[in-house]
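Architecture at a glance
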Amino acid sequence: MIQTAVLGYGTVGSGVVKVIETNHDSIEKKAGVDLGVKYVLDLRDFPGDPVQKKIVHDFDVILSDPEIRIVVETMGGLEPAYTFTKKALEAGKSVCTSNKELVARHGTELLQTAREHNASYMFEASCGGGIPIIRPLRTCLCADVIDEITGILNGTTNYILTKMIEEGREFSDVLREAQQKGYAERNPEADVEGHDACRKIAILSSLAYGKRVDFTDVYTEGITKITPADIQYAKAMGRTIKLLAFSKKEGEQVTAMVAPYLVDKEDPLASVNGVFNAIFVHGNMLGDAMFYGQGAGKEATASAVVADVIEEAQVLGRSVMSSWDPEKLVLTDVSGTEKQFFVRAKGEASEAEKVFGPVKLVQAGLEGEYGFVTERMSEGAFLKKAGEFGAMISMLRLRDKSKAE
């Protein structure tokens, strides 16, 4: 039996234990590996739970046990997850994780550490929850040159936007509901400000383009400023609002961005609702492929984690994993990217054309304001014109599915 240790018995960690124990026989039959969970590291005790007999409070117990070949890190955050992961890899133990914050910040170093010690570091569940995307990029699509990734990468924000659109509710109201249902953290900043999606697109872009994409370089906006009025205009245009993360490579230039977009109802991404995620990948031979599924949730995420555990068990003693060059990929400034913009404004519509040139007016029945869509222009040109136009209430970008936005 190949023994594993799970770090953290929270939502994902408890799910991992459940998947391994519930599906033990099926995993052994299909994958040819006999998995067991020997330890679960947590600060807490769980009296009455069968897992209690596996609970340890000292990571050194796991580190010093030669029977532990695979460590599953589901603690979240940077510390002590980083320290424990690095020590495990240095001891020749393979590690898999769902921790996108850790992978985005320290993934390059941890991948190198794994290679140096004939171990594997895998993180399928760090992007898209239960959606298989990292393994397909590493294996199924390795014959293609990937030049574009676009997706809905955060289930919390997608749930909030879906509820706001379907029920006409305010952001703050739906956020409270999401927190009550466990879809949003007590401190939801990482989700609603776009930081979570930013980390994920950085990881996926690093894999796709072969060099390290620093998530701090990715231009990022969240959904906190979206209002029912914005949604009313979106409906008037036959569109919906989605928080999109995208990156595109043209020649040696790569652009990456996270922001809310107005998406046409006929666009496949428009029908991705609730906590579901979807990821479009474009390859030079494949064309478009879409990966769709639950982007969050205990069992879905745990399933992706255990898939990594199984692969690591099949290649013990070898370093097999997703990887990228540690050289940093310098991103192109988004100010040069072109798209159409939707603007809500006060005053007279004639003023819009004086500044922005030809515009298409949008009527949504709101008093004291109007909306309009600009022609295609660069982000930089729009910001310059917006600075000259003193009547703007808010702005949203339009997604053109034929072009990376």
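Just so it is clear, the structure is predicted and the values come from calculations on it, not from any experiment. (Residues numbered from 1 in each chain as written. Predicted model: local features only at pLDDT ≥ 70, side-chain atom pairs only at ≥ 80, totals over all residues. Heavy atoms only, no water.)

Details of the state of the cysteines
Counted by the stated rule, this structure contains zero disulfides. As a non-bridged cysteine, C96 has C127 as the owner of its nearest cysteine sulfur, 14 Å distant. There is no disulfide at C127, and the cysteine sulfur nearest it, in C198, is 11 Å away. A relative accessible area of 0% places C127 in the buried class. (Disulfide = S-S within 2.5 Å. Buried < 20%, exposed > 50% of the residue type's maximum accessible area, 1.4 Å probe, protein only.)

Looking at the nonpolar core
Among the nonpolar cores identified, the biggest contains 83 residues, and I62, Y121, F123, I133, I160 and L204 are the most heavily contacted of them. Top element by residues in this core is helix 10 (residues 195–209). It accounts for nine residues. (Core = buried A, V, L, I, M, F, W, Y, C linked by side-chain atoms within 4.5 Å. Helix = DSSP H or I, 4+ residues; strand = E, 2+ residues; numbered from the N terminus.)

Observations concerning the UniProt feature "domain: Aspartate/homoserine dehydrogenase NAD-binding" (unreviewed entry) in the chain
Feature annotation in UniProt assigns "domain: Aspartate/homoserine dehydrogenase NAD-binding" (unreviewed entry) to the following positions: residues 8–124. Annotated as residues 8–124, this span is 44% helix and 18% strand, and its ends, taken at the C-alpha atoms, are 18 Å apart. (UniProt positions renumbered as here; feature names shortened; annotations may be inferred.)

A closer look at the sheet that holds strand 5 (residues 94–97)
With parallel pairing, the six strands of this open sheet are ordered in space as 3-2-1-4-5-6. Two strands bound the open sheet, and with one partner strand each, they are strand 3 (55–56) and strand 6 (121–122). As defined by bridge partners, strand 4 (residues 68–73) adjoins strand 5 across four bridges and the pair is classed as parallel. Paired with E73 across the strands is T97, a residue of strand 5. (Pairing = 2+ DSSP bridges.)

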